[in-house]
Amino acid sequence: MSPVTSPSRHAVSRRSFVALFGLGLAGCAQSEASVSPFIGPADSSSFGKEPQLLVATTRKPTGDRPPYFGSERGSGLTFAEVRLSAPGRGVAAQVSSVVSGDWAVLGVTRRSASDAARAFSDAATGRDVLLYVHGFNETFESAARSAGQLSHALAFEGRTALFTWPSGGGLLAYAYDRESALWSRDGFVQTLKALVANPTIGRINIVAHSMGSFLTLEGLRELRDFEGLSDRVGAVVLASPDVDIDAFEQTVPRLGPIAHRMTVIIDPGDKALAVSSRIAGGVARAGAADRERLEQLGVRVADTAGRGWSLLRHDLFLSNSEVTQVVRRAIDRARA
């Protein structure tokens, strides 16, 4: 009898990886964010009344038509202003909002400036700032829509801004996305420095999702000694952070006072982070780590296990109104 030949470990691992990758990361950008957490009409919030989004991006511009900025890396930082359409009023509009989110990019104006970070900062003059940093598998448009949805759900009264980096926008682009996020660190640092240096801006509140948390922590770590940073940065909310837990434990203590204004939204059942952990050789991600382990670092932890319903449990800060209010309370604490 000829011996039974079993598939190689490499082949099995590869098939398992592809299956898990498709399940766990397919909806990272839009599947859950498309479920509206809004209770009232869009014009009940400041952003709903004036849906203008400030954008700093390291993506390569594609021209004056959609998608405006693509997945390729640009030659430097670009400042742009985005006009969004908010969900309409009435029963039909609210039903549509629940199904599709109903926020859309109407147009983009690229502002030509030798110093994009300075121009971005000047546009936010006189207001508190909500700076959203997106995660893996996001297009420029999906990131802009998420920023608008979040600002409206929070009823944020300042200027809403987006830092968007060149995500590949595809399931098999995880490695490219991670490298692009790290490559965008200089652009993020320039943007944050310009905001901090503008004396008329109030609190700078940062909400970072998934892989965007990795970029945010890298930028804050580089700027930890920058004058005025700890006084000007308000809340830092890391939603489902796709960050190596060992690296997280190494970085957070070096952030000084900012670490004590940090809120980490976690869920041990986050399927997308389970796949990310597998890709990383089994190392846990901060967004699915033990609560006690994170709290020892001095950060606030919001464990969303058992709250709401979601297939992946990766975008609850956008899709579940109760979790969205975790972000709201973090910003209120920082303001106080």
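Residues numbered from 1 in each chain as written. Predicted model: local features only at pLDDT ≥ 70, side-chain atom pairs only at ≥ 80, totals over all residues. Heavy atoms only, no water.

Remarks on the overall build of the protein chain
Turning to step 1, where the next piece is worked out: Along the backbone of the protein chain there are 14 helices and nine strands.
Turning to step 2, where the next piece is worked out: By residue count, 53% of the 336 residues in the protein chain fall in the buried class.
Turning to step 3, where the next piece is worked out: Nonlocal contacts in the protein chain, meaning residues at least 24 apart in sequence, comprise 79% of its contacts between residues at least 6 apart.
Turning to step 4, where the next piece is worked out: For the protein chain, the accessible surface area stands at approximately 14500 Å², while carbon and sulfur atoms represent 50% of it. (Helix = DSSP H or I, 4+ residues; strand = E, 2+ residues; numbered from the N terminus. Buried < 20%, exposed > 50% of the residue type's maximum accessible area, 1.4 Å probe, protein only. Contact = heavy atoms within 4.5 Å. Areas by Shrake-Rupley, 256 points an atom, 1.4 Å probe, with all protein chains shown as cover.)

Things to note about the packing of aromatic side chains
The geometry of an aromatic ring pair is captured by the separation of the ring centres together with the interplanar angle, meaning the angle of the planes.
Turning to step 1, where the next piece is worked out: A full pass over the atoms with the stated rule returns six aromatic pairs.
Turning to step 2, where the next piece is worked out: An angle of 85° between the planes, with centres 6.0 Å apart, marks the rings of Phe-79 and Phe-120 as edge-to-face. With Phe-79 in strand β2 (residues 69-85) and Phe-120 in helix α4 (residues 116-123), this pair connects stretches of sequence that are 41 residues apart.
Turning to step 3, where the next piece is worked out: Judged by its relative accessible area of 1%, Phe-120 is buried. (Phe/Tyr/Trp six-rings, centres within 6.5 Å; stacked < 30°, edge-to-face > 60°.)

Details of the confidence of the model for the protein chain
Atomic detail in the predicted coordinates should be set aside for any region of low pLDDT.
Turning to step 1, where the next piece is worked out: Summing up the model confidence of the protein chain, the mean pLDDT is 85 and the portion of residues at 70 or higher is 80%.
Turning to step 2, where the next piece is worked out: Scored below 50 in pLDDT, residues 1-21 makes 13 contacts in the model with residues more than four places away or belonging to other chains.
Turning to step 3, where the next piece is worked out: A low-confidence stretch, residues 90-100 stays under pLDDT 50, and its non-local contacts, those more than four residues away or across chains, total 18 contacts. (pLDDT = per-residue confidence, 0-100.)

Points about the pattern of salt bridges
Turning to step 1, where the next piece is worked out: Tallied over the entire structure, the rule returns 13 salt bridges.
Turning to step 2, where the next piece is worked out: Lys-60 is the partner of Glu-72 in a salt bridge, and the nearest nitrogen-oxygen pair spans 3.6 Å. Of the two residues, Glu-72 is situated in strand β2 and Lys-60 in strand β1 (residues 52-61); the sequence distance between them amounts to twelve residues.
Turning to step 3, where the next piece is worked out: Accessibility expressed as a relative area gives 48% for Glu-72, which makes it partly exposed.
Turning to step 4, where the next piece is worked out: Taking the shortest distance from any N to any O, the salt bridge between Glu-141 and Arg-145 comes out at 3.6 Å. Highlighted residues: Glu-141 and Arg-145, both in helix α5 (residues 140-154), separated by four residues, approximately one helical turn.
Turning to step 5, where the next piece is worked out: Judged by its relative accessible area of 35%, Glu-141 is partly exposed.
Turning to step 6, where the next piece is worked out: Taken together, the shared-partner salt bridges in this structure form one network comprising Asp-128, Arg-328, Asp-332 and Arg-335. (Salt bridge = Lys/Arg side-chain N within 4 Å of Asp/Glu carboxyl O.)

A few points about the pairing of β1
Turning to step 1, where the next piece is worked out: Most of β1 is tucked away, with seven of its ten residues classed as buried.
Turning to step 2, where the next piece is worked out: Direction of pairing for β1 relative to β2: antiparallel, over a ladder of eight bridges. What sits directly across from Pro-61, in β2, is Phe-69.
Turning to step 3, where the next piece is worked out: As judged from the four bridges shared by β1 and strand β5 (residues 159-164), these two strands associate in the parallel manner. Paired with Thr-57 across the two strands is Thr-164, which belongs to β5. (Pairing = 2+ DSSP bridges.)

Digging into the nonpolar core
Turning to step 1, where the next piece is worked out: Ranked by internal contacts, the top residues of the largest apolar core, which has 54 residues, are Phe-163, Leu-192, Phe-248, Met-262 and Leu-294.
Turning to step 2, where the next piece is worked out: Here the element with the most residues in this core is helix α7 (residues 185-197); it accounts for six residues.
Turning to step 3, where the next piece is worked out: Leaving out residues up to four positions away in the same chain, Met-262 has contacts with Leu-217, Val-236, Leu-238, Phe-248, Val-252, Leu-255, Val-299 and Arg-300.
Turning to step 4, where the next piece is worked out: Ranked by size, the runner-up nonpolar core spans 36 residues in total, among them Val-108, Tyr-132, Leu-150 and Leu-154. (Core = buried A, V, L, I, M, F, W, Y, C linked by side-chain atoms within 4.5 Å.)

What to know about the sheet that holds β2
Turning to step 1, where the next piece is worked out: On the basis of which strands lie adjacent, the open sheet formed by nine strands has the order β3-β2-β1-β5-β4-β6-β7-β8-β9 and mixed pairing. The two strands at the open ends of the sheet, each matched to only one other strand, are β3 (104-111) and β9 (300-303). On average, each strand axis in the sheet is inclined to that of its neighbour by 20°, with strand direction left out of account.
Turning to step 2, where the next piece is worked out: Sheet topology places β2 next to β3; seven bridges connect them, and they run antiparallel. Counterpart to Glu-81 in the pairing with β3 is Thr-109.
Turning to step 3, where the next piece is worked out: On the sheet, helix α8 (residues 211-222) packs against β4 (129-133), β5, β6 (204-209), β7 (233-239) and β8 (262-266) and is oriented at approximately 135° with respect to β6. (Axes fitted to C-alpha atoms, helices over the stretch in contact; angles between N-to-C directions.)

Thoughts on the layout of surface pockets
Turning to step 1, where the next piece is worked out: Roughly 210 Å³ of volume is contained in the largest pocket.
Turning to step 2, where the next piece is worked out: Forming the boundary of the largest pocket are 13 residues, of which Ala-302, Asp-303, Arg-307, Val-326 and Arg-329 lie nearest the centre.
Turning to step 3, where the next piece is worked out: Among the secondary structure elements, those contributing two or more residues to the lining of the largest pocket are β9 and α14 (321-335).
Turning to step 4, where the next piece is worked out: A per-element tally of the lining of the largest pocket places α14 first, with five residues.
Turning to step 5, where the next piece is worked out: Counted by class, the lining of the largest pocket contains four nonpolar, two polar and seven charged residues. (1 Å grid on protein atoms, 1.4 Å probe; cavity = no way out; pocket = protein on both sides within 12 Å on 5 of 7 lines; lining within 4 Å. Points joined across faces, edges and corners; volume = space filled by probe spheres on them. Nonpolar A, V, L, I, M, F, W, Y, C, P; charged D, E, K, R; others polar.)

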